[in-house]
Amino acid sequence: MAEIDTLDLLVLGVILLGTIAYFTKGSLWGVVKDPYASSFAANAGQKTGRTRNFIEKMDETNKNCIVFYGSQTGTAEDYASRLAKEGKSRYGLNTIVADLEDYDFENLDEFPSDKIVMFVLATYGEGEPTDNAVEFYEHIRSDDVSFSNGSSLENLKYVAFGLGNNTYEHYNSVVRRVDESLTKLGATRIGVAGEGDDGAGTMEEDFLAWKDPMWSALAESMGLEEREAIYEPTFSIVDRDTLTADSEEVYLGEPNKGYLQGTPKGPFNAQNPYTAEVAESRELFKSKDRSCIHMEIDVSGSNLSYQTGDHVAVWPSNAGFQVDQFLKTLGLTEKRNHVISIKALEPTAKVPFPTPTTYDAIARYHMEICAPVSRQMISTLAPFSPNEKIKAEMTRLGSDKEYFHEKTGHSFYNIAQFLTVLSEGATWDNIPFSAFIEGLNKLQPRYYSISSSSLVQPKKVAITAVVETQVLPSQEAPFRGVATHYLAALADKFNKGAKSDAYDLTYQIVGPRSRHTGTHLPVHIRHSNFKLPSDPSRPIIMIGPGTGVAPFRAFVQERAKQARDGVEVGKTLLFFGSRNANEDYLYESEWAEYKEALGDAFELVTAFSRDTAKKVYVQHRLKEKSEEVNALLQKKALFYVCGDAARMAREVNTTLAQIIAEKRKITPAKADEVVKSMRAANQYQEDVWS
């Protein structure tokens, strides 16, 4: 064989390089950038190399107002965006909306006195900051907090609004504590620190009532002049005529680029859901206006893991008939599958979903189009009314709180229903679509307490969900929950095996581009502090009426497994309540199985409110078991409550304090202190909702 000389090697090398270049064009080099691509990260959760110095960022972008948000589910972020937009349109502020976790705060003392900081902070769980606010919260609350030039914030001017729930003991504690810390450090608050109450259902009105006097105080402090608020879009809508809904680069509901390419990769989390397969679905009961679904989803193909007591987040989509009505109301029915890109008109704005996409995909997967219409949204849309008569009515509804509630309070109108009724069917085709991107909340995941034990089934997550249908005289179609009826449609598809048309909701069960064979739903796991004691011999007391029993089914399931494995298990006392023993006795047959495994260590106490002449609830049964409950608590039993926060959880708290006062012969005030100390020590844990 002849030897290869230097020239031959050189020629072969050139050929090899040319071949590599040819096959990697468009992937490793020569990539044509889409000029209309949004600022939405192609891969969820991906961070850019941007600066963490927010003062530097404000200087670079010529901003004089920064609105920080601490948000767990997206609501605080939406309020922050609304504040920023209103500050710009009414007062000419150059605003930027910022995630607290994206910046450092060591230089907070260098913030210029002629600029303003706004904080919109949600309180999460038992008085805790949201995940993205933890670092800021701990820094500002530290006993030895210091900044670049010392510890004084005398130049800092700020406003603050909190999102809380009065059914929790630590109502709006995050905004209160941040306000306290900033004031203590010398900062000046403009106006009062506002507080919104989700527990009372007044969050929106609390926000509106707070912001107007706040703006007046801020205008006086900064020398701002109010001007006529003219709508200025934050985003432009660009038609992509060269693309169709079949084009491979068009997002049809996929949350990120991995899903668009059909190869989603972990880690799966709140920015990147895992599309899990439904492994089991059955009805626990069904009545005229309610049913209850037990669903198990398989997460074995993911990195997802859970612990008993955690939550599973379900990513729903909007019902087909709601999408149809929304598009029809805006005159977009014929354009539903037209491809558009959303482009931010200023550098600090973030497009909230990936583009290019379609109007149908936006309405179906990304917007809360089914939420009750807000008064502020009505004000925003008033100038685009079909005629002057409707405009006058919209203006009055947007500005008059009492009149708004008189007309809408009991109707639960969503935006499309409201506009349709008000205009008697006239099309609202003058509204810039950007107004909905900015004004409607993003469609958020819904959280469910996991009703299975990770010890028993580590790769299958169980959900227990009641599906209710509320018929309202003011609406042609029944009022239904977004996520629960999505689950009902999935259950229907799973059990019937055909394309689901459950409840006439016409969901896209097969997912974007019909890629889901079988039955799937996007999920992620949220870890919780609602946990069994690490020592299985420690006694526990559980209060869980209705679907509040979900995590306790998991707790008892786990303890039954431990008992079968020869582990010593402590007293396990469960109080369960529902309407009728024959109608909605959740997991009735399973309790007998767990009793067989646990023996005397397990006790189930039931309260069926409609089976007796006088209604009996779980708190009444708790009082009847005062002796045993007090004895278990003195043995350091953990006390758990899950379910309705507004009534049940409060009454259980009151009843427990009464039991402690009576059995330990102490004053009610002292008993309240005992309960508070139990909470502080995590001996009393709640997983409740409004």
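- As annotated in an unreviewed UniProt entry, the protein is NADPH--cytochrome P450 reductase from Cordyceps confragosa.

**Remarks on the nonpolar core**
Then, in step 1: One finds F326, F433 and F436 to be the most contacted residues of the largest nonpolar core, which totals 43 residues.
Then, in step 2: Every residue in contact with F326, bar those within four places of it in the chain, is listed here: A363, M367, I369, I415, A416, F433, F436 and L440.
Then, in step 3: One finds V278, I450, V461 and I509 within the second-largest nonpolar core, a separate group that totals 32 residues.

**Observations regarding the sheet that holds strand β13 (residues 357-358)**
Then, in step 1: Sheet architecture is open: three strands sit in the order β8-β12-β13, paired in antiparallel fashion. Each of the sheet's edge strands pairs with one partner strand only, and the pair in question is β8 (235-239) and β13.
Then, in step 2: With two bridges joining them, strand β12 (residues 339-344) and β13 adopt antiparallel strand pairing. Bridged to V339 within β13 is T358.

**Quick notes on the domain arrangement of the protein**
Then, in step 1: Annotation of the protein at the domain level lists domain 1 (54-222), domain 2 (236-262 + 320-439), domain 3 (274-316 + 445-526) and domain 4 (540-688).
Then, in step 2: Between the C-alpha centres of domain 1 and domain 2 there is a distance of 28 Å.
Then, in step 3: The interface of domain 1 with domain 2 comprises 15 residues on the first partner and 11 residues on the second.
Then, in step 4: Of the roughly 960 Å² buried where domain 1 meets domain 2, counting both sides, 45% is carbon and sulfur surface.
Then, in step 5: Across the contact surface, domain 1 and domain 2 share three salt bridges.
Then, in step 6: Notably, a salt bridge pairs E438 with K85, separated by 3.0 Å at the nearest N-O pair.
Then, in step 7: At the level of secondary structure, the elements contributing two or more residues to the side of domain 1 that touches domain 2 comprise α3 (75-91), β2 (95-99) and α6 (203-222).
Then, in step 8: In terms of residue count, α6 provides more of the side of domain 1 that touches domain 2 than any other element does, five residues in total.
Then, in step 9: Residues that form the side of domain 1 that touches domain 2 fall into these classes: four nonpolar, two polar and nine charged.

**Notes on helix α5 (residues 173-184)**
Then, in step 1: When the terminal C-alpha atoms of α5 are compared, their 16 Å separation across 12 residues agrees well with the 16 Å that a helix rising 1.5 Å per residue should span.
Then, in step 2: Among all positions of α5, only S173, V174, V175, V178, D179, S181 and L182 are buried.
Then, in step 3: Each element contacted by the buried residues of α5 is listed here: β3 (116-124), β4 (128-129), α4 (134-141), β5 (157-164), β6 (188-189) and β7 (194-197).
Then, in step 4: Positive backbone phi, approximately 100°, marks G186, located one or two places after α5.

**Quick notes on the packing of helix α11 (residues 388-399) against helix α12 (residues 401-408)**
Then, in step 1: Look at α11 against α12: their axes get within 5 Å of each other, and the N-to-C directions meet at 110°. Put simply, α11 runs roughly perpendicular to α12. Residue-level contacts link E393, R396, L397 and S399 of α11 to K401, Y403, F404 and K407 of α12.

**Overview of helix α17 (residues 588-598)**
Then, in step 1: By the burial criterion, the buried members of α17 are E590, W591, Y594 and L598. Along the axis of α17, the buried residues cluster in a sector spanning 105°; they form a single face. Every exposed residue of α17 that faces more than 90 degrees away from the buried side is listed here: S589, A592 and E596.
Then, in step 2: Close packing links the buried residues of α17 with β9 (274-286), α16 (550-564), β19 (572-578) and β20 (602-608).
Then, in step 3: Residue G599 follows α17 closely and has a positive phi angle near 60°.

**So, the sheet that holds strand β18 (residues 540-543)**
Then, in step 1: Spatially, the five strands line up as an open sheet ordered β20-β19-β18-β21-β22, and their pairing is parallel. Two strands close off the open sheet at either side, each with one partner strand: β20 and β22 (684-689). On average, each strand axis in the sheet is inclined to that of its neighbour by 10°, with strand direction left out of account.
Then, in step 2: Pairing analysis gives four bridges linking β18 to β19, with the strands arranged parallel. Across the sheet, M542 pairs through a bridge with L574, a residue of β19.
Then, in step 3: Running at roughly 150° to β18, α16 makes contact with β18, β19, β20 and β21 (638-644) of the sheet.

**Focus on the pattern of salt bridges**
Then, in step 1: Inspection of the entire model under this criterion finds 38 salt bridges.
Then, in step 2: Note that R227 is salt-bridged to E232, the shortest N-O span being 3.6 Å.
Then, in step 3: Since its relative accessible area comes to 40%, R227 is described here as partly exposed.
Then, in step 4: A network of salt bridges, in which partner residues are shared, links E86, R90, K211, D212 and E226.

Cut-offs used in this document
- Residues numbered from 1 in each chain as written.
- Predicted model: local features only at pLDDT ≥ 70, side-chain atom pairs only at ≥ 80, totals over all residues.
- Heavy atoms only, no water.
- Core = buried A, V, L, I, M, F, W, Y, C linked by side-chain atoms within 4.5 Å.
- Buried < 20%, exposed > 50% of the residue type's maximum accessible area, 1.4 Å probe, protein only.
- Contact = heavy atoms within 4.5 Å.
- Pairing = 2+ DSSP bridges.
- Helix = DSSP H or I, 4+ residues; strand = E, 2+ residues; numbered from the N terminus.
- Domains from an automatic or database assignment.
- Buried area = accessible area lost by both parts, 1.4 Å probe.
- Salt bridge = Lys/Arg side-chain N within 4 Å of Asp/Glu carboxyl O.
- Nonpolar A, V, L, I, M, F, W, Y, C, P; charged D, E, K, R; others polar.
- Expected span 1.5 Å × (residues − 1).
- Axes fitted to C-alpha atoms, helices over the stretch in contact; angles between N-to-C directions.
- Parallel < 35°, antiparallel > 145°, perpendicular 65-115°, else oblique.
- Arc of directions from axis to C-beta.

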